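Residues per chain, in single letters:
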Amino acid sequence: MIRLALLRHGHTAWNRAGRIQGRSDIPLDEQARESLRGYALPDDWLQADLCSSPLLRAAETAELVAGRPPRTAPELIEMDWGDWEGLQGLDLKADPISGFRDIEDWGWHYRPPGGETPAEVWTRIEPWLRGLTQDTLAVCHIGIMRVILARAHGWDFDSPAPFRIKRNRLFVVELSGTALTPRPEPVRLIRKAAP
């Protein structure tokens, strides 16, 4: 059995403004950097293989929390939101002709205009998952985490999600053969003692 821990990157200016980032390479903001410097990995994750999306916000989060540079994996790049990248989700939701849907109404084949479906994200990420040979910590994006956790929980993007992705927590999935089994509760990062 191999464990995979998923950690969402820290905040960016676009996160705070409610803008859809997708594959836009937006860096962490200074407030996020300062906050992440105050966290460390739990002891049982210190020796795990460290991977991240190649986008700056994920790679920098990995290095700040783990104290070492990650190996980047292009498979971990965020879901492609196509024409909606840079736009505000609330504006799209308020526009009845935008086609925007809440996540519980997606299904596996929901596609933002010019973007990627959850099913396509899974097709991209599954070979990477199957290639893991040791416990791995992957710092990535909410879209990637949703797809992996959806598979692990047996959720089809057709009802409220059985998980809530929060920052500064490791969402752990056990891989055994082709089975993905989610751990019931996320693992909190460790707050460093004040200097």
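Sequence positions are assigned chain by chain, starting from 1 and proceeding in written order. Whole-chain, interface and lining totals are the exception, using all residues; otherwise, since this is a predicted model, local features are given only for residues with pLDDT of at least 70 and side-chain atom pairs are given and counted only at 80 or more. To obtain the side-chain values, all non-hydrogen atoms of the structure were used and water was disregarded.

Enquirer: Describe the environment of threonine 178, listing the residues and the values that go with them.
Expert: Each helix is a run of H or I in the DSSP string that is no shorter than four residues. Each strand is a run of E no shorter than two, and both are numbered from the N terminus. Relative to the helices and strands, threonine 178 resides in the loop between strand S6 (169-176) and strand S7 (179-182). For threonine 178, a relative accessible area of 69% translates into the label exposed. C-alpha of threonine 178 to C-alpha of glutamate 126: the two residues are 52 residues apart in sequence and 9.8 Å apart in space. Classification of residues uses two cut-offs on accessible area relative to the type maximum, computed with a 1.4 Å probe and protein chains only: under 20% is buried, over 50% is exposed, and between them is partly exposed.

Enquirer: If you had to explain the pattern of salt bridges to someone new, which residues and values would you point to?
Expert: Between Lys or Arg on one side and Asp or Glu on the other, a salt bridge is scored when a side-chain nitrogen of the former is within 4 Å of a carboxyl oxygen of the latter. Across all of its chains, the model carries 14 salt bridges by this definition. In this structure, the salt-bridge partner of aspartate 49 is arginine 71, at a minimum N-O distance of 2.5 Å. Here aspartate 49 is found in strand S3 (residues 49-52), whereas its partner arginine 71 is found in strand S4 (residues 71-72), with 22 residues between them in sequence. On the basis of relative accessibility, which here comes to 42%, the residue arginine 71 falls in the partly exposed class.

Enquirer: Summarise the environment of glutamate 126; cite the residues concerned and give the values.
Expert: Structurally, the position occupied by glutamate 126 is in helix H5 (residues 118-130). Along the backbone, glutamate 126 and glutamate 75 are 51 residues apart, and their C-alpha atoms lie at a distance of 8.9 Å.

Enquirer: Please set out the packing of aromatic side chains residue by residue, giving values where relevant.
Expert: Aromatic pairing here means that ring centres of Phe, Tyr or Trp (its six-membered ring) are within 6.5 Å. Orientation follows from the plane angle: under 30 degrees is stacked, over 60 is edge-to-face, and everything else is tilted. Applying the stated criterion across every chain yields a total of eight aromatic pairs. Each ring, one from tryptophan 106 and one from phenylalanine 157, has its centre 5.6 Å from the other, and the planes form 15°; the classification is stacked. Taken together, the residues span a long stretch of sequence, with tryptophan 106 in the loop between helix H4 (89-94) and H5 and phenylalanine 157 in the loop between helix H6 (142-153) and S6 at a distance of 51 residues. For tryptophan 106, a relative accessible area of 7% gives the class buried. Using a relative accessible area of 1% as the deciding quantity, one classes phenylalanine 157 as buried. Ring centres of tryptophan 155 and phenylalanine 163 lie 5.6 Å apart, and the angle between their planes is 90°; this geometry places the pair in the edge-to-face category. Since its relative accessible area comes to 5%, tryptophan 155 is described here as buried. Taken together through their ring pairs, the aromatic side chains of Trp81, Trp84, Phe100, Trp106, Trp108, Tyr110, Trp155, Phe157 and Phe163 make up a single cluster.

Enquirer: Run through the pairing of S7, naming residues and quoting values.
Expert: Think of it this way: DSSP has to see at least two bridges between two strands before they count as a pair. Summarising the sheet, S6 and S7 pair through four bridges and their orientation is antiparallel. What sits directly across from leucine 175, in S7, is leucine 180. Hairpin connection, S6 to S7: the antiparallel pair is bridged by two residues, and glycine 177 has positive phi, about 60°.

Shape is all these values report; function is a separate question.
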